[in-house]
Amino acid sequence: DAGDVAFGEANPETFFESYCPAPSKDQLAPLNLPEDTETNLGMLVVVSFHAGSPTANLRAPLLLDLEQRLGVQAVQMNKSFDTRAPLFSGRGAQK
């Protein structure tokens, strides 16, 4: 059922200290940021009320420009990051 799942956003640094995705210039282009401007990093969190503990999608980080209220999801093509990293175990930042 659709009511069994909830989505949220969290700062990955809170859960995965070594997490460091590398978005391409093309992925950042929709934000129209000046060169060397930092974005806020987020991750999609999925909570399944049927399956249990929440997981984070580290393969597709959210890059946010809070000032302009814009964001993009930058899929990491190298597959070195987990799509269902356990949120509270501290593991899963990189395979």
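Bear in mind that the values here come from a model prediction, so they are computed numbers and not experimental data.

Calculation rules
- Residues numbered from 1 in each chain as written.
- Predicted model: local features only at pLDDT ≥ 70, side-chain atom pairs only at ≥ 80, totals over all residues.
- Heavy atoms only, no water.
- Helix = DSSP H or I, 4+ residues; strand = E, 2+ residues; numbered from the N terminus.
- Phe/Tyr/Trp six-rings, centres within 6.5 Å; stacked < 30°, edge-to-face > 60°.

Asker: Residues and numbers for the environment of Asp 82, please.
Answerer: Mapped onto the elements, Asp 82 comes out in the loop between β4 (70-73) and β5 (85-86). Each C-alpha atom of the pair Asp 82 and Ala 56 lies 8.1 Å from the other, and the pair is 26 residues apart in sequence.

Asker: Can you lay out the packing of aromatic side chains for me, pointing to particular residues and giving the numbers?
Answerer: Under the defined criterion, the tally for this structure stands at two aromatic pairs. On the numbers, 5.8 Å between centres and 75° between planes, the contact of Phe 15 with Phe 88 is edge-to-face. With a gap of 73 residues between them, Phe 15 in the loop between β1 (5-10) and α1 (25-28) and Phe 88 in the segment after β5 connect regions that are remote in the sequence. On the numbers, 5.1 Å between centres and 80° between planes, the contact of Tyr 19 with Phe 81 is edge-to-face. Taken together, the residues Tyr 19 in the loop between β1 and α1 and Phe 81 in the loop between β4 and β5 connect sequence positions 62 residues apart.

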